[in-house]
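Single-letter residue listing:
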Amino acid sequence: MNWELYAWLKRGNRRKEVLKVIASSNTPLTVNEIKTKVKIAMAQASFTVKELLNKRLIDCLNPNDKIGKLYKINKGGRDLLNEI
């Protein structure tokens, strides 16, 4: 268990909410869909998704597309979310 990553996610309510929304979805989500479900601004959703990507908690399924990128939780993100 990476305790620094655990603490980082635990102290970020928005990060936790975005990760939960992505985890609960049966299909990959766009940033626009995430912002609608979490009820935050597009800039906040984009920033949070980038943070989660950098920490390798989610994956982008179509990274070469300019718009409409799809995100899905990965095993590391699911394992960490289950710990919280």
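The preceding data block contains the structure.
Quick look at the structure, then. Within any chain, residue numbers begin from 1 and follow the written order of that chain's sequence. Selection of residues for local features in this predicted model requires a pLDDT of at least 70, selection of side-chain atom pairs for listing and counting requires 80 or more, and totals for whole chains, interfaces and linings are taken over all residues. Values reported for side chains reflect all heavy atoms of the structure, with hydrogen atoms and water molecules removed beforehand.

Viewed as axis vectors pointing N to C, helix α1 (residues 3–10) and helix α2 (residues 13–24) meet at an angle of 95°, and their least axial separation amounts to 6 Å. The angle between the axes of α1 and α2 places the two elements in the roughly perpendicular class. Across the interface between the two elements, Trp8, Leu9 and Lys10 of α1 pack against Asn13, Arg15, Lys16 and Leu19 of α2. Classifying every residue of the contact of α1 with α2 by side-chain character gives three nonpolar, one polar and three charged. To obtain each axis, a line is fitted to C-alpha atoms, and for helices this fit is confined to the stretch in contact; angles are then taken between N-to-C directions over 0 to 180 degrees. Secondary structure elements follow DSSP: runs of H or I no shorter than four residues count as helices, runs of E no shorter than two count as strands, and numbering proceeds from the N terminus. Each angle receives one of four descriptions, namely roughly parallel if under 35 degrees, roughly antiparallel if over 145, roughly perpendicular if within 65 to 115, and oblique otherwise. We call two residues in contact whenever any of their non-hydrogen atoms come within 4.5 Å of each other. Ten residue types, Ala, Val, Leu, Ile, Met, Phe, Trp, Tyr, Cys and Pro, are classed as nonpolar, four, Asp, Glu, Lys and Arg, as charged, and the remainder, Gly among them, as polar.

Moving on, we get to α1. Between buried and exposed lies partly exposed: a residue is buried under 20% and exposed over 50% of the maximum accessible area for its type, with that area taken using a 1.4 Å probe on protein chains only. When we look at burial in α1, the residues that qualify are Leu5, Tyr6, Trp8 and Leu9. Mapping the buried residues of α1 onto a view down its axis gives an arc of 165°, with all of them on the same face. Facing away from the buried side of α1, by more than 90 degrees, are the exposed residues Trp3 and Glu4. If you follow the buried residues of α1, they end up packed against α2, α4 (42–54) and α5 (75–83). Polar contacts here mean pairs of N or O atoms no more than 3.5 Å apart (in protein, one a potential hydrogen donor and the other a potential acceptor; neighbouring residues in sequence count only if both atoms are side-chain atoms). The N-terminus of α1 is capped by asparagine 2, whose side-chain oxygen sits 3.1 Å from the backbone nitrogen of glutamate 4. It is the directions from the helix axis to the C-beta atoms that the arc portrays.

Stacked, edge-to-face and tilted are the three classes for Phe, Tyr and Trp ring pairs, Trp counted by its six-membered ring, which pair at centre distances within 6.5 Å; planes under 30 degrees apart are stacked, over 60 edge-to-face, the rest tilted. Scanning all chains against the criterion turns up one aromatic pair. With centroids separated by 5.3 Å and ring planes inclined at 75°, the aromatic side chains of tryptophan 3 and tyrosine 6 adopt a geometry described as edge-to-face. In this pair, tryptophan 3 and tyrosine 6 are both assigned in helix α1, three residues apart and thus about one turn of the helix distant. Owing to a relative accessible area of 18%, tyrosine 6 belongs among the buried residues under this scheme. Distance and angle both matter: a charge sits over a ring if NZ of Lys or CZ of Arg is within 6 Å of the ring centre and within 35 degrees of the ring normal. In this structure, lysine 55 is placed above the aromatic ring of tryptophan 8, and the distance from its NZ or CZ to the ring centre is 5.0 Å.

Another point: the pattern of salt bridges. Any two side chains of opposite charge can pair, so long as their charged atoms come close to each other. The salt bridge definition used is simple: a Lys or Arg side-chain nitrogen within 4 Å of an Asp or Glu carboxyl oxygen. Considering all chains together, one arrives at two salt bridges under this definition. For glutamate 51, the salt bridge goes to arginine 15, with nearest N and O atoms at 3.3 Å. You can see glutamate 51 sitting in helix α4 and its partner arginine 15 sitting in helix α2, a full 36 residues away along the chain. Residue lysine 75 is joined to aspartate 79 by a salt bridge in which the shortest nitrogen-to-oxygen separation is 2.8 Å. With lysine 75 and aspartate 79 both in helix α5 and four residues apart, this pair spans about one turn of that helix. Under the relative-accessibility criterion, aspartate 79 is labelled partly exposed at 35%.

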